[in-house]
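# Reading the structure
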Amino acid sequence: MAQDDGYRAYLRTAHQFLALGQVREAERVILQVADQIPMQDEELCYLRAWCASQQNNWEEVAQYIHGFSASDEERTWLAEGSLRRRRPVFLLNMGQSASTLGYVRESLGHYQHGLHLLDERRMNIPEVRTRLHVLQGDIFLQIGPPSEALDQYEAALQACDGDSPALLVRLYSGLAEAQSQCGQNEEALVSVQQAWELLEGDAGIAESSKERLCLLFGALYLKSGDPARALSYVEEAVRLAEDAQDSQRLAAALLMRAEAQYAQHMCAEARCSCETALRQTSKGQRIYGQLALLCGKIIEANGCQTPDTSINIDEAMHWYEEAQTTFAELDDVAGVAAVSIEQARLLESRGKPAQALEFWKKAYQRAGTLKRE
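Presented here is a report on the structure given in the accompanying data block. (Residues numbered from 1 in each chain as written. Predicted model: local features only at pLDDT ≥ 70, side-chain atom pairs only at ≥ 80, totals over all residues. Heavy atoms only, no water.)

## Section: the overall build of the chain
A count of helical and extended segments in the chain gives 19 helices and 0 strands. Its C-alpha atoms put the chain at 75 × 50 × 40 Å along the principal axes. Relative to its full complement of 373 residues, the chain shows a buried share of 46%. Sequence-distant contacts in the chain: of pairs separated by 6 or more residues, those separated by 24 or more amount to 55%. (Helix = DSSP H or I, 4+ residues; strand = E, 2+ residues; numbered from the N terminus. Buried < 20%, exposed > 50% of the residue type's maximum accessible area, 1.4 Å probe, protein only. Contact = heavy atoms within 4.5 Å.)

Encoded structure:
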């Protein structure tokens, strides 16, 4: 393990050189350890392909691309056509590999490079262009801004021409999520419905796509004030996540189920969902902060119905502090502000205005930071 960590340190150094445009220095570092790492190691193949692409050596890129995972469709693209026409596909694969390795910004660079090549004369390949836009949209959903994700999905819609149903489901799902984040909830519902119809028409599409659509329906119906309808979709997402035995997916589905239950004043059920979700997560993850925040709200709501509220206040504040710590560690300014508001409201409602004022100030400061950004 220590030896493997040593190799990784060299590869991270090579990555830093490449990010700075220092290709020769990156190659020199890679060569120091290349013969000690399996030839099919994805990070090694990725960095070597990146070096080669920066030097326009596409024949060498083609050699290293085989170390990446690829769909059957992508493998067909890699095997067909001239080397010139395969370059955007190489970059598509490099972008996906970079994203898998955690190099999100670099993956965007590869996708943009691929689109630039597709703009060359006699180089347009609609299905590759569509996929590159979708992949960029997926990244902007993660890192923001959602308006940029929306632009990418709309560009993918314009480019698509008889693409596979699975890709179109992914496109419409991403489009719906971007529209929702941009406040276009009615348009988002239309996009989700289009994805759902495609899903129902093709039994070969992965269950994870159905799960994502169920969560999107759930989130949109929660926003529109229909938690009962939201819950019906979210329950299906929970079932699919349980069948897949994927703890991260299950935690996300349980979080939304708890939100739908809380919106219907089903506090006991919502708390049970939160506790189950917490067992699927660990401290430091953003979803842990989201669950802790919701736990605080649920306990506070229960406390409003209890004559002796001191224990409920302490327990609610404990969960708010857990959420506050998590969001602060992640530099999530919006999360910290949201928790501060809940803490201020709780203390104010319990006749503690002086303590509440400190949290209102904190929320105001965080909101000011967000506005400047």
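## Quick look at the pattern of salt bridges
Scanning all chains against the criterion turns up 19 salt bridges. With a closest N to O distance of 3.5 Å, E120 and R84 form a salt bridge. Highlighted residues: E120 in the loop between α7 (104-118) and α8 (126-143) and R84 in helix α6 (residues 83-100), separated in sequence by 36 residues. Judged by relative accessible area, which is 29%, E120 ranks as partly exposed. (Salt bridge = Lys/Arg side-chain N within 4 Å of Asp/Glu carboxyl O.)

## Details of the packing of helix α14 (residues 247-263) against helix α15 (residues 267-278)
When two helices pack together, their arrangement is given by the angle between the helix axes and by the axis-to-axis distance. It is at 8 Å that the axes of α14 and α15 come closest, and there the two elements cross at 165 degrees. Judged on the interaxial angle alone, α15 and α14 are roughly antiparallel. α15 is crossed by α14, and the crossing has left-handed handedness. Only E269, A270, S273, C274, T276 and A277 of α15 make contact with α14, whose side of the interface consists of A251, L254, R257, A258, Q261 and Y262. When the residues that make up the contact of α14 with α15 are grouped by side-chain class, the tally is 7 nonpolar, 3 polar and 2 charged. (Axes fitted to C-alpha atoms, helices over the stretch in contact; angles between N-to-C directions. Parallel < 35°, antiparallel > 145°, perpendicular 65-115°, else oblique. Left-handed = near helix turned anticlockwise from the far one by under 90°. Nonpolar A, V, L, I, M, F, W, Y, C, P; charged D, E, K, R; others polar.)

## A word on the packing of aromatic side chains
Within the structure shown, the criterion is met by 8 aromatic pairs. Note on Y46 and W50: the rings are 5.7 Å apart at their centroids and 35 degrees apart in plane angle, and the pair reads as tilted. Remark: W50 and Y46 occur in helix α3 (residues 42-54); sequence separation between them is 4 residues, near one turn of the helix. Of the two residues, Y46 and W50, both sit in the buried class. Between W196 and F217 the ring centres are 5.7 Å apart and the planes differ by 75 degrees, which places this aromatic pair in the edge-to-face class. With W196 in helix α11 (residues 185-200) and F217 in helix α12 (residues 207-223), the pair connects residues that are 21 residues apart, well separated along the chain. Owing to a relative accessible area of 14%, W196 belongs among the buried residues under this scheme. The class of F217 is buried, set by a relative accessible area of 1%. An aromatic cluster is defined as three or more aromatic residues linked by ring pairs; in this entry it consists of W196, F217, Y221 and Y233. (Phe/Tyr/Trp six-rings, centres within 6.5 Å; stacked < 30°, edge-to-face > 60°.)

## Focus on the packing of helix α2 (residues 23-33) against α3
Axis separation between α2 and α3 bottoms out at 10 Å; the angle between their running directions is 150 degrees. Here α2 is positioned roughly antiparallel relative to α3, judged by the angle of their axes. Crossing hand, α2 versus α3: left-handed. On α3, the residues that touch V23, A26, E27, I30 and L31 of α2 are L44, L47, R48, C51 and Q54. Taken together, the residues of the contact of α2 with α3 break down into 7 nonpolar, 1 polar and 2 charged.

## Describing the side chain of S107
Inspection of the secondary structure puts S107 in helix α7. A relative accessible area of 0% places S107 in the buried class. Only 2.5 Å separates the side chain of S107 from the backbone oxygen of V104, close enough to count as a polar contact. Among residues more than four places away in sequence, those in contact with S107 are G95, A98, S99 and I139. (Polar contact = N/O pair within 3.5 Å; in protein donor to acceptor, adjacent residues only side chain to side chain.)

## A few points about α12
The end-to-end C-alpha distance of α12 is 25 Å, a good match for the 24 Å that 17 residues give at a rise of 1.5 Å each. All of the buried residues along α12 are E211, L213, C214, L215, L216, F217, G218, L220 and Y221. Contacts from the buried residues of α12 go to α10 (165-181), α11, α13 (227-244) and α14. A positive backbone phi angle near 85 degrees is found at G225, which sits one or two residues after α12. (Expected span 1.5 Å × (residues − 1).)

## Thoughts on unusual backbone geometry
A negative phi angle is the norm for most residues apart from glycine, just as the trans form is the norm for most peptide bonds. Between G144 and the following residue, P145, the backbone shows a cis peptide bond with an omega angle of -5 degrees. In this fold, P145 is placed in the loop between α8 and α9 (146-159). With a phi close to 55 degrees, Q245 is a non-glycine residue in the positive phi region. With respect to the secondary-structure elements, Q245 resides in the loop between α13 and α14.

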